[in-house]
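Reading the structure
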Amino acid sequence: MTSDTPRQLIACAVLATALALLPIVAPNPYYLDLATKACLAAVVCIGLNLLSGYAGQLSLGHAAFFGVGAYASAILCAKVGITPVVAMLAGCLISAGIAYVMARTVLRLKGHYLAMATLAFGVIISIVLNREVALTGGPDGMSVPRFNLFGYRTTGVWAGYGLAAVALVLAVRTAIVFVNSRVGRALRAIGDSEVAAEGLGIDIARYKTGVFVISAVFASVAGSIFAHADRFVSPAEAGFMRSVEFVAMIVIGGLGSVAGSIVGATLLTLLPQLLAGFDHYRHFLTGLILILIMIFMPAGIVPTLLASGRALHDRYRPFGRSARSVTGRTSEG
Amino acid sequence: MRSFLKNIGTSVLAATLAAGGLLAATGASAQQRPIRIGAFTATTGGASFLGDPQEKTLRLYVDKINKAGGVLGRKLELFIYDSAGDARQAVTYTRRLIEDNEVDIIIGGSATGESMAVIPIVEEAQIPFISLSGGNVVVEPVRKWVFKTPGSDRMAVSKIYTDMKARGFSKAAVISGDGGFDKSCQKEAVTVAKTMGIAIVADEVYAQADTDMTPQFTRIAGAKPDAIVGCGFGLGGVITVRNHRQITPQIPLYFTHGVGSQQFVEGARGAAENVRITVSPLLVAEQLDDSDPQKKTLLEYTKEYQEKFGEKPAAFGGFSYDALHIALAAMQRAGGTDKAKVRDEIERTKNFIGIDGIFNMSPTDHMGLDFNTAFRLTEIKNNGWHLVK
């Protein structure tokens, strides 16, 4: 695994360059707005993929952490007047706190029960955001001040995109380091078999709690940036459908793959826009495309393509078989 | 990683092509360009009962106006997207309309949340936006580029209180659900009561999913109001009238426009009898006096919509009829699509006879309706709507 690190560093650099070049080739701010949303979804998905793809835990409430981050930024900036960076950090702390408490109680649960518990948590957050009208503006949402850094006020989609792009690169870097560390290997062991991992002396509860907290913080940061980028938040952002969307993104992109998280998030963000011209057939086409991907690429887009790439590579090197295994990992949950 | 690079490569290619297309487009003569109408409605999702007739109405009239030669000698081109009532999608589509489709005006926002979400964008881009949302917050405070056509809860509630006072009532009870629509109406019902000399003796709330409101009505019965005001729509409204019939049938019940549909009357299975409801004039077009200036427009719209889609238009479709026609009239007066001039002309809309009422906009009123024309008080009799005159 260590041999992968330089390659992954290059991948990070390529990603950063591509993100930096995008504003130059984007014909107008609308494309940047889309890119911003794709980047933010990717940040959430990378975190969620650490939890689901590596540790094998399914969360159906991740949009709630996104919502906590978004509303923490919205409320603290608009109603309390705190500077956005501090509000974002506060959102992270709140999300991390909630995730920690939840993990201590809930991550003892496995499989469907964990999914149910995170689902319930998501519903609770959604209800709170809808009902606490005085604080959150209720179902009609609330507006958010612009992002400013050390008194320098940022404007337009450019700023939102910049923040989202930086967050994405940082998330990718963090995730890669994390995955290749001892912790990452421990998580993979838990994902494969909890009993075996425990037998190897891995403190399952501690690792699960850790990864849950980290994934919650990823979602929270994305939520905070989203709030400033759109300058508006509504409870729909924390809703159940959003959580399902995030899960769909990582399953389609590839469980246990950082690149897969980005591909899945980008695809599902762009698809509705690409198909907007088809009017009423839009939903039908979206469904069809997703079903076809899952039939022909059950391990997700990135793992399947990597596997076929390696198979092709091996065919032209008859004497040296690639040492790397090409299994497409799937979640237990 | 390879697939990822490929993905990036494809998007760069797509972006380059799009940029090329844009250059080619600007090369063409700007004068003969069609007038571009941008729209986003909640055609699918929970608010589709609003968005569906709104979308159909826009398509119907853009077609019709184009067949008649367009406006200012230019054809209309409609760019319309389905926001599914989702604020985030509304934001993205609005950016798309402004930046990519380069529309001249934006109509849309079936739900109040969607409209609120796009307001910062249209204000920044300085493009006129006519919202189709009910909430007062859209035009209060007045924002330079934002207008709206639907009548508000405040006007519906004022209409109800006016009728209550005419009947000598002074004590009202309010019953509402806990959803966004209900809440907005409930808030107005309580606020307006103070200014109109009505005392609120009970303010009961039920959860959206409740199937029984007996406890709420028992408490209302104890508070002895002269009349009850219901805020709600859909199943909540149906259960409200059924429980009202069981527990407090002697107290007159009023409802706002949320239940202004035939499905409500049928779902209530007789319990809606004698309930007074503020509805869009569209619902009682045939019963209006021939002298009513709106009657002709209402009947025409109903006929044209029915011919095209085989169903009667819901009142919500009227919102986009009004928005489109106000926008086009403003462009005609402005002699073009200059955004600032069109905005000024929309603000100068006077005596525009629409579906939802008669509009008189001003720098301090970006809706321009008054409750005499925007809402008509009806009473349910024999499962039908009867205008209270």
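Computed from a predicted structure; not experimentally measured.

In this section: the overall build of chain A. When helices and strands are counted, chain A shows 14 helices and four strands. What you see for chain A is a C-alpha radius of gyration of 20 Å, in line with the 20 Å of a compact globule of 333 residues. The C-alpha extent of chain A, read off along each of the three principal axes, is 65 × 50 × 45 Å. Sorting the 333 residues of chain A into buried and exposed places 53% on the buried side.

What follows deals with the environment of A:Phe246. Residues and elements named next belong to chain A. Mapped onto the elements, Phe-246 comes out in helix 11 (residues 240-253). Between the alpha carbons of Phe-246 and Ala-35 there is a distance of 16 Å; along the sequence they are 211 residues apart. Phe-246 has contacts with Ala-41, Val-44, Cys-45, Leu-48, Ala-63 and Phe-66, leaving out every residue within four places of it along the chain.

All names here are of chain A. Those residues carrying the UniProt feature "transmembrane region" (unreviewed entry) are residues 30-51, 82-101, 113-129, 158-179, 209-227, 247-271 and 283-306 in this numbering. Secondary structure across residues 113-129 comprises 100% helix and 0% strand; the distance between its end C-alpha atoms is 25 Å. Annotated as 100% helix and 0% strand, the span residues 158-179 places its first and last C-alpha atoms 31 Å apart.

Now for the confidence of the model for chain B. Residues and elements named next belong to chain B. For chain B, the mean per-residue pLDDT works out to 88, and 92% of the residues sit at or above 70. Predicted confidence for residues 1-5 stays below pLDDT 50, and this span has nine contacts to residues more than four positions away or in other chains. Throughout residues 15-30 the model reports pLDDT below 50, and contacts reaching past four residues in sequence, or to other chains, amount to five contacts.

Strand pairing in a sheet relies on backbone hydrogen bonds. The paired strands run either parallel or antiparallel. Residues and elements named next belong to chain B. Pairing within the open sheet is parallel, and its five strands lie in the order 2-1-3-4-5. Only two strands of the sheet have a single neighbouring strand rather than two, namely strand 2 (76-82) and strand 5 (146-148). Each adjacent strand pair in this sheet contributes to an overall mean axis angle of 20°, direction not counted. Two elements, strand 1 (residues 35-41) and strand 3 (residues 105-108), share four bridges in a ladder whose sense is parallel. By the bridge assignment for strand 3, Ala-39 is matched with Ile-107. Across the face of the sheet, helix 3 (residues 87-100) comes into contact with strand 1, strand 2 and strand 3 while running at roughly 160° to strand 2.

Right, let's talk about the packing of helix 4 (residues 84-106) of chain A against helix 10 (residues 204-230) of chain A for a bit. Residues and elements named next belong to chain A. One can describe the packing of helix 4 onto helix 10 by two numbers: an axis separation of 8 Å at closest approach and a directional angle of 150°. When the axes of helix 4 and helix 10 are compared, the pair comes out roughly antiparallel. Where helix 4 crosses over helix 10, the two elements pack in a sense that is right-handed. Contact with helix 4, carried on its side by Pro-84, Met-88, Gly-91, Cys-92, Ser-95, Ala-96, Ala-99, Tyr-100, Met-102, Ala-103 and Arg-104, involves Ala-205, Thr-209, Phe-212, Val-213, Ala-216, Val-217, Ser-220, Val-221, Ser-224, Ile-225 and His-228 of helix 10 and no other residues of that element. Across the contact of helix 4 with helix 10, the residue classes break down as 15 nonpolar, six polar and one charged.

Moving on: a nonpolar patch on the surface. Together, A:Phe278, A:Tyr281, A:Phe284, A:Leu288, A:Ile291, A:Leu292, A:Ile295 and A:Phe296 give the surface a local cluster of nonpolar side chains, amounting to about 900 Å² of exposed area. In this fold, A:Ile291 is placed in helix 13 (residues 282-296).

Here the focus is the packing of aromatic side chains. Enumeration according to the criterion identifies 17 aromatic pairs over all chains in this entry. Ring geometry for B:Tyr81 and B:Tyr93: centres 4.8 Å apart, planes at 10°, overall stacked. With a gap of twelve residues between them, B:Tyr81 in strand 2 and B:Tyr93 in helix 3 connect regions that are remote in the sequence. With respect to class, B:Tyr81 is no different from B:Tyr93; both count as buried. Considering the side-chain rings of B:Tyr305 and B:Phe309, the 4.9 Å spacing of their centres and the 55° angle between planes classify their relative orientation as tilted. Here B:Phe309 and B:Tyr305 lie together in helix 10 (residues 295-309), a separation of four residues that amounts to about one turn. A relative accessible area of 1% places B:Tyr305 in the buried class. Assessed through its relative accessible area of 25%, B:Phe309 is described here as partly exposed. In this arrangement the basic side chain of A:Arg206 is found over the ring face of A:Tyr207, its NZ or CZ atom lying 5.6 Å from the centre.

One finds B:Ile106, B:Ile130, B:Ile277 and B:Leu324 to be the most contacted residues of the largest nonpolar core, which totals 99 residues. When residues of this core are assigned to their parent elements, the largest contribution, eleven residues, is made by helix 11 (residues 315-334) of chain B. Here this core spans two domains, and each of domain 1 (32-152 + 300-370) and domain 2 (154-285 + 374-387) of chain B adds at least three residues to it. In contact with B:Leu324, other than residues within four places in its own chain, are B:Ile37, B:Leu58, B:Tyr61, B:Val62, B:Ile65 and B:Ile107. Core analysis: the next-biggest nonpolar cluster, separate from the first, contains 91 residues, A:Ala167, A:Leu255, A:Ala259 and A:Ala265 among them.

Moving on, we come to the sheet that holds strand 13 (residues 376-381) of chain B. Residues and elements named next belong to chain B. Read from one edge to the other, the open sheet built from seven strands follows the order 7-6-8-9-10-13-14, with strand pairing classed as mixed. Because the sheet does not close on itself, it has two edges, and the strands there are strand 7 (199-205) and strand 14 (384-387). For this sheet, the mean inter-axis angle between neighbouring strands, taken without regard to orientation, is 30°. Pairing geometry for strand 6 (residues 171-176) and strand 7, over six bridges, is parallel. Looking across to strand 7, one finds that Ala-172 is bridged to Ile-200. Lying over the sheet, helix 8 (residues 234-247) contacts strand 6, strand 8 (227-231) and strand 9 (253-255), oriented at roughly 175° with respect to strand 9.

Here the focus is the UniProt feature "domain: Leucine-binding protein" (unreviewed entry) in chain B. What UniProt calls "domain: Leucine-binding protein" (unreviewed entry) maps, in this numbering, to residues 34-383 of chain B. The span residues 34-383 of chain B shows a helical share of 45% and a strand share of 17%, and its end C-alpha atoms are spaced 47 Å apart.

Before going further, it helps to spend a moment on the interface of chain A and chain B. The interface of chain A with chain B comprises 45 residues on the first partner and 36 residues on the second. Between chain A and chain B lies a buried interface of about 3,500 Å² when both sides are counted; carbon and sulfur atoms form 58% of it. Three residues stand out in chain A for area buried against chain B, namely A:Tyr30, A:Asp140 and A:Phe232, and they jointly supply 15% of the buried area on that side. For the interface between chain A and chain B, the tally reads eight salt bridges. A salt bridge links B:Arg95 to A:Asp230; the shortest N-O distance between them is 4.0 Å. Where chain A touches chain B, the interface holds 14 residue pairs in polar contact (both at pLDDT 80 or more). In terms of residue class, the side of chain A that touches chain B is built from 25 nonpolar, eight polar and twelve charged.

Take helix 12 (residues 258-274) of chain A next. All names here are of chain A. Its 17 residues give helix 12 an end-to-end C-alpha distance of 24 Å, which sits within 8% of 24 Å, the value for a rise of 1.5 Å per residue. For helix 12, a buried count of 13 out of 17 residues is recorded, marking the element as mostly surrounded by other parts of the structure. Two or three places before Gly-260, at the opening of helix 12, Ser-257 has a side-chain oxygen 2.8 Å from that residue's backbone nitrogen.

Take empty space enclosed by the protein next. Residue and element names in this part refer to chain B. The tally for this structure, following the rule as stated, stands at four cavities of 30 Å³ or more. Its boundaries defined by the atoms lining it, the largest cavity holds a volume of some 110 Å³. Residue lining of the largest cavity: Gly-151, His-257, Gly-260, Val-279, Ser-280, Leu-283, Ala-315, Phe-316, Phe-319, Asp-356 and Phe-375, and that is the complete set. Top contributing element to the lining of the largest cavity by residue count: helix 11, with three residues. Two domains share the lining of the largest cavity, each providing at least three of its residues, namely domain 1 (32-152 + 300-370) and domain 2 (154-285 + 374-387).

About the criteria used
- Residues numbered from 1 in each chain as written.
- Chains lettered and ligands numbered in written order.
- Predicted model: local features only at pLDDT ≥ 70, side-chain atom pairs only at ≥ 80, totals over all residues.
- Heavy atoms only, no water.
- Helix = DSSP H or I, 4+ residues; strand = E, 2+ residues; numbered from the N terminus.
- Rg over C-alpha atoms; globule rule 2.2 N^0.38 Å.
- Buried < 20%, exposed > 50% of the residue type's maximum accessible area, 1.4 Å probe, protein only.
- Contact = heavy atoms within 4.5 Å.
- UniProt positions renumbered as here; feature names shortened; annotations may be inferred.
- pLDDT = per-residue confidence, 0-100.
- Pairing = 2+ DSSP bridges.
- Axes fitted to C-alpha atoms, helices over the stretch in contact; angles between N-to-C directions.
- Parallel < 35°, antiparallel > 145°, perpendicular 65-115°, else oblique.
- Left-handed = near helix turned anticlockwise from the far one by under 90°.
- Nonpolar A, V, L, I, M, F, W, Y, C, P; charged D, E, K, R; others polar.
- Patch = residues over 30% accessible without salt bridge, like charges linked within 9 Å, V, L, I, M, F, W, Y side chains within 5 Å.
- Areas by Shrake-Rupley, 256 points an atom, 1.4 Å probe, with all protein chains shown as cover.
- Salt bridge = Lys/Arg side-chain N within 4 Å of Asp/Glu carboxyl O.
- Phe/Tyr/Trp six-rings, centres within 6.5 Å; stacked < 30°, edge-to-face > 60°.
- Lys NZ or Arg CZ within 6 Å of the ring centre and 35° of its normal.
- Core = buried A, V, L, I, M, F, W, Y, C linked by side-chain atoms within 4.5 Å.
- Domains from an automatic or database assignment.
- Buried area = accessible area lost by both parts, 1.4 Å probe.
- Polar contact = N/O pair within 3.5 Å; in protein donor to acceptor, adjacent residues only side chain to side chain.
- Expected span 1.5 Å × (residues − 1).
- 1 Å grid on protein atoms, 1.4 Å probe; cavity = no way out; pocket = protein on both sides within 12 Å on 5 of 7 lines; lining within 4 Å.
- Points joined across faces, edges and corners; volume = space filled by probe spheres on them.

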